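These are the residues of each chain, in order.
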Amino acid sequence: MAGFRLFDLNPEQETAVRTTEGPLLILAGAGTGKTRVITARAAFLIAEGVAPEQVLAVTFTNKAANEMRERLATLIEKPQAKKVTMCTFHALCVRILRQDIEKLGYKRNFSIYDEGDQMGLIKKLITRTAAKDEKLDPSVAKNLISKAKNHAWNAPPDEQTLLGAVYLRYQAELKTLNAVDFDDLLVLTVKLLTEHADVRERWQRRFGYLMVDEFQDTNRLQLELVSHLADARNNVAVVGDDDQSIYGWRGAEVSNILEFEAHFPNPVVVKLEQNYRSTNAILNTANKLITNNPRRRPKQLWSAQGDGAKVRIVQMLDDRQEAEFIANEIATRQVTEHAKWEDFAVLFRMNAQARLIETNLRQLKIPYRIIGGKSFFDRREVKDLLAYASALLNTDDDVSLLRIINTPARGISPATVERATAISARKKCSVFAALSDEDFRSELTPRATASIDAFIELLDSFETRLNTPLTVQNGVLRDLIAKVGYLEDLRRSCKTPEEGLQREHSVMELMKQFTEYEGRSAEGLRGFLDEMMLRNERQDDDDELKGDGVTLITLHAAKGLEYPHVYLIGVEEGVLPHDRSKVEGTVDEERRLLYVGITRAQTTLALTWCHSRFKYGSVTPCTASSFLKELPPEWTEHRHAGQILNAPVEHAASGDRFAAMKAMLDRL
DNA sequence: AATCGTCTGCTTTTT
DNA sequence: GCAGACGATT
C-alpha cells in the first residue's frame, strides 16, 4: 500500500475502505464521515494498483460530485484524481447515450428537456388532443408519465382516456423532437445496456469498481443501471442511510437499501455509527425517535463529544411569537455566546414558513440567507439562451425553437407559429423545416414571409458558424445575443430597472460560465448545454450571496448540511407530519424528515410548536406533533416561549440583554 | 399585444 | 394570503 495511509479512520471506516472486492453495503448514519470513506476508498483502490479510470463514484447532485472530486485531489496526486469518474447518475447516462443512442433510434445530437420544457410539451399535447369539454391538469399528467417511466410500465394506460392518449403521444413526440427528458436519460440507458450486450460489456470493462452515494435515494431504474454496470465483477460499494430516506415521493425506493442482499448477494455490511457532528443529547433524541419506524436497519449513533445541552422543546402561542422568539434569541446569543450569524439555521417543513422568520430577522437587522426558491436555471433569460443553443444544435427541437421564434419580437405572430406547427404535424417534419415549406409560405402575408426568411437566415448563419471547426463557441453565442438584440429586449420587458439589472446579470453569469467551460473542455456548446441542463442547483454557489447570515432552509434541502445551532420550527400535527402524509401513508417518511432535521444540529437544538398558526389566510388552531411524544424525556426539556421571552431579569441575563440590545443598535 | 382582474388551490424538489 | 394561470378587455 505504497504512498497512501489510512488517515485517522475509525475501525469501521477502515473496514469499509479496505473491503475492495465484492458487494459492500456501508450503512452510514448522519454525520459519520461517509464522504470521507468514499474518497478514502477511491484513494485506497488506486494505491492498491487499480487504474484510476476503473473507479466510478455516482452521486445524486453535482455538489456532492464536486465535493468528492476536490477531496480526492487532496488524497492522491492530481493527474490520478482527474482520471477517476465522479459524477451524477444523469451525467453518466448522458455520457453513455451520446455514444450509442443511435442504437435506440435517436440521433446523437439529442436535446435534454428539463421539467419546464416537459411541461410545455405536455400542455401542447393536451390542448391538441382534448375535446372541448375535457380537462387535464398538465402537472398531473407529467407526474403520471414520470411514474410510469420509473416503474417501467410497458402497458400504457387506457388509450381511450385523454390521459392515456397524451401519455402515448408524449413519448412519440419526444422522439421526433430528438429529445429526451430526465427520466428518459435513465430509461434509455438501461434499455441500451439491456438490449446491447456489446455496449454493456464495454462499460462493464470500463468501470471495474463502482461506488454509489446516497443509495437510499436511488429509484428502480438507478438500481438497474448499477446492476448492469456491476454485473461482471460485482465490485459495487453503496453508501447510504435508510433513516434518511426522504425522497420516496420522487420515486426513491428505500427497499433498494433495505433489501440490498437480495440485489447483491452476500455483501460485506459495515455500519458507521460514530458521529462526528453532534452531542449525545441530540443523537439520543434522534435515535429514540427513529426507533418508531418499523422498516429500518437498526443503528445507534453515538458521539465521543459528550452529552451537551438538552434538546429544548418550546411551545408558542402562535407563529408570530415563534418568529419573534427565534429572532430575539439569535440576536442575543450572537452576542452572549460569541456566535457567528452563520452558526444558526432555521429549519422548516414548508417554504411558506420562512416568510415570517424573514420579516422578524429583518426587523432586528440580522443578516440571513434563504436556501431554495427559484433556480438559476428556471429564470426566463437563462432558459431563453439555452433554448437558442439547443435550437441551433438540434434542428428537430421544436420546443426550444418555439420558445425563441419570436423572442425578442421579430414579427412572427402566434397565428403564423400556429400555422407552422400545423404544417409540421401534417408533414411529419420539424417546425424549422416547416418554415421553408411552400404550403406554409403560401399562406403568409409578404410581411410575415420576410420575417420568417430573416429568422431562417439567422439560424442558418449561426449554425454554420457553430459547425466551423476551431471557433470559440462562446464568441458565437455572444454574437448571437448581440445580433438579436436580446439584452435590449430583456431590459425593455422588465418592470423595474432593478429587475432588468438582475436579469442582465444572469445572462452575464451564464456567459462567464460558458467561458470557464471552454477553458476546461473541448466539448463546445453541446457539452456546455448538457452540463447546464443537468444542473438544476440553487444559486447559493454564485459569488454574490455567498456571505454570512442565518440560514433559512427546508428540511429536505438541509440533508447533508450541519449547523452549530438549529431551530426546527412548526413541529405540529399537520405540518410535521404533514396532513397529506396521513392519507398517503407516508408518516414514516415524515418521521425520517424530523430525524434528518434533528441530526443537522451540532451543539444546540430547539424544536418549536405553536398553539395556532396563520394558514391559507386564516388562523387555525394547532397541536404539538405526535412525534414530540416519541422523544426521550431524559434528553429533552419543555418550555413556553412566554417564560423565556419574559424571563425574570437575572444579573447575567440582564447584562446579556443589554449587550444584545446595544449590538442591535450598532447594526442600525 | 399587452395589461388588468378574478379564480383557484395550496409539501417537499438531488437531475 | 398569495402566486400563477387564464380569460376578458383596451
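Residues numbered from 1 in each chain as written. Chains lettered and ligands numbered in written order. Predicted model: local features only at pLDDT ≥ 70, side-chain atom pairs only at ≥ 80, totals over all residues. Heavy atoms only, no water.

Draft legend 1. The arrangement of the overall build of chain A in detail. Tallying secondary structure elements over chain A gives 31 helices and 18 strands in all. For chain A, whose C-alpha radius of gyration is 27 Å, the value lies close to the compact-globule estimate of 26 Å for 668 residues. Seen through its C-alpha atoms, chain A measures out along the principal axes to roughly 90 × 60 × 50 Å. Counting only residues that meet the buried cut, chain A has 54% of its 668 residues in that class. Looking at chain A alone, contacts between residues at least 24 apart form 77% of all its contacts between residues at least 6 apart. Just so you have it, chain A exposes about 30300 Å², and 53% of that area is on carbon and sulfur atoms. (Helix = DSSP H or I, 4+ residues; strand = E, 2+ residues; numbered from the N terminus. Rg over C-alpha atoms; globule rule 2.2 N^0.38 Å. Buried < 20%, exposed > 50% of the residue type's maximum accessible area, 1.4 Å probe, protein only. Contact = heavy atoms within 4.5 Å. Areas by Shrake-Rupley, 256 points an atom, 1.4 Å probe, with all protein chains shown as cover.)

Draft legend 2. Just the protein's contact with DNA strand C, in detail. Close to DNA strand C lie Arg355, Phe614, Tyr616 and Gly617, which account for all nearby residues. Of the residues contributing to the surface near DNA strand C, the split by class is two nonpolar, one polar and one charged. (Near = heavy atom within 4 Å. Nonpolar A, V, L, I, M, F, W, Y, C, P; charged D, E, K, R; others polar.)

Draft legend 3. Examining the packing of aromatic side chains more closely. Tallied over the entire structure, the rule returns seven aromatic pairs. Their ring planes at 15 degrees and their centres at 4.4 Å tell us that Phe514 and Phe528 sit as a pair that is stacked. Placement of Phe514 in helix H25 (residues 497-520) and of Phe528 in helix H26 (residues 524-533) is noted, with a sequence separation of 14 residues between them. The class for Phe514 is buried, based on a relative accessible area of 0%. The exposure class assigned to Phe528 is buried, which follows from its relative accessible area of 2%. (Phe/Tyr/Trp six-rings, centres within 6.5 Å; stacked < 30°, edge-to-face > 60°.)

Draft legend 4. How the structure looks around the packing of helix H9 (residues 182-195) against helix H11 (residues 220-230). Relative to each other, H9 and H11 sit at 30 degrees, their axes nearing to 10 Å. In terms of orientation, H9 lies roughly parallel with respect to H11. Every pair of crossing elements has a handedness; the one defined by H9 and H11 is left-handed. Seen from H9, the contacting residues are Leu186, Val187, Thr189, Val190, Leu193 and Thr194; seen from H11, they are Leu221, Gln222, Glu224, Leu225, His228 and Leu229. Taken together, the residues of the contact of H9 with H11 break down into seven nonpolar, four polar and one charged. (Axes fitted to C-alpha atoms, helices over the stretch in contact; angles between N-to-C directions. Parallel < 35°, antiparallel > 145°, perpendicular 65-115°, else oblique. Left-handed = near helix turned anticlockwise from the far one by under 90°.)

Draft legend 5. Region of interest: the packing of H9 against helix H10 (residues 197-206). Relative to each other, H9 and H10 sit at 105 degrees, their axes nearing to 5 Å. Classed by the angle they form, the pair H9 and H10 counts as roughly perpendicular. The segment H9 lies against H10, with Leu192, Leu193, Thr194 and Glu195 engaging Ala197, Val199, Arg200 and Trp203. A per-class count over the contact of H9 with H10 returns five nonpolar, one polar and two charged.

Draft legend 6. Molecular detail of the nonpolar core. Counting 92 residues, the largest nonpolar core has Leu185, Leu225, Leu435 and Phe455 as its most contacted members. The leading source of residues in this core is helix H17 (residues 380-393), at nine residues. Not counting residues up to four positions away in its chain, the partners in contact with Leu185 are His90, Cys93, Val94, Leu97, Phe110, Ile112, Val180 and Leu534. Within the second largest apolar cluster, 33 residues are counted, among which are Leu576, Leu593, Tyr595 and Val596. (Core = buried A, V, L, I, M, F, W, Y, C linked by side-chain atoms within 4.5 Å.)

Draft legend 7. Local environment of unusual backbone geometry. The omega angle of the peptide bond from Thr407 to Pro408 is -5 degrees, so this bond is cis rather than trans. Here Pro408 is to be found in the loop between helix H18 (398-404) and helix H19 (414-427). Between Leu576 and Pro577 the backbone carries a cis peptide bond, its omega angle lying at 5 degrees. Residue placement: Pro577 occurs in the loop between strand E15 (563-568) and helix H28 (579-584). The phi dihedral of His338 falls on the positive side, at around 50 degrees, and the residue is not glycine. Along the chain, His338 turns up in the loop between helix H15 (319-336) and strand E12 (344-348). Positive phi, normally seen in glycine, also occurs at Lys365, with a value near 60 degrees. If you trace the backbone, Lys365 turns up in the loop between helix H16 (354-363) and strand E13 (368-370).

Draft legend 8. Representation of the pattern of salt bridges. Scanning all chains against the criterion turns up 46 salt bridges. With a shortest N-O distance of 2.8 Å, Asp243 and Arg296 are connected by a salt bridge. One end of the pair, Asp243, is in the loop between strand E7 (236-240) and helix H12 (255-258); the other, Arg296, is in the loop between helix H14 (280-290) and strand E10 (302-303), and 53 residues separate them in sequence. In terms of burial, Asp243 and Arg296 fall into one category: buried. (Salt bridge = Lys/Arg side-chain N within 4 Å of Asp/Glu carboxyl O.)

Draft legend 9. Region of interest: the layout of surface pockets. By volume, the second largest pocket is sized at about 1300 Å³. In terms of lining, the second largest pocket is formed by 32 residues, of which the most central are Arg69, Arg95, Tyr517, Arg520 and Glu531. Elements that contribute at least two residues to the lining of the second largest pocket include exactly helix H3 (62-75), helix H4 (78-83), strand E3 (85-88), helix H5 (89-100), H25 and H26. Top contributing element to the lining of the second largest pocket by residue count: H3, with five residues. (1 Å grid on protein atoms, 1.4 Å probe; cavity = no way out; pocket = protein on both sides within 12 Å on 5 of 7 lines; lining within 4 Å. Points joined across faces, edges and corners; volume = space filled by probe spheres on them.)

Draft legend 10. Layout of the environment of Gly164. In this structure, Gly164 sits in helix H8 (residues 162-176). Using a relative accessible area of 0% as the deciding quantity, one classes Gly164 as buried. For the pair formed by Gly164 and Ala141, sequence separation is 23 residues and the distance between their alpha carbons is 9.2 Å.

Draft legend 11. Representation of empty space enclosed by the protein. What the rule picks out here adds up to four cavities of 30 Å³ or more. What lines the largest cavity is a set of 14 residues, among which Asp117, Leu386, Ser390, Ser400 and Met533 lie closest to the centre. Counting residues per element, the ones that place at least two in the lining of the largest cavity are strand E4 (111-113), H17 and H26. Looking at the lining of the largest cavity residue by residue, the class counts come to six nonpolar, three polar and five charged.

Draft legend 12. Summary view of H14. Among the 11 residues that make up H14, 10 are buried, leaving the element largely enclosed by the rest of the structure. Buried-residue contacts for H14 involve strand E9 (274-275), E10, strand E11 (311-318), helix H29 (587-598), strand E16 (601-615) and strand E18 (636-640).

Draft legend 13. Structural context of the pairing of strand E17 (residues 618-621). Where E16 and E17 come together, four bridges link them in antiparallel fashion. By the bridge assignment, Lys615 is partnered in E17 with Ser618. Turn length for the E16-E17 hairpin, with the two strands adjacent in sequence and antiparallel, is two residues, and the turn residue Tyr616 shows positive phi of about 45 degrees. (Pairing = 2+ DSSP bridges.)

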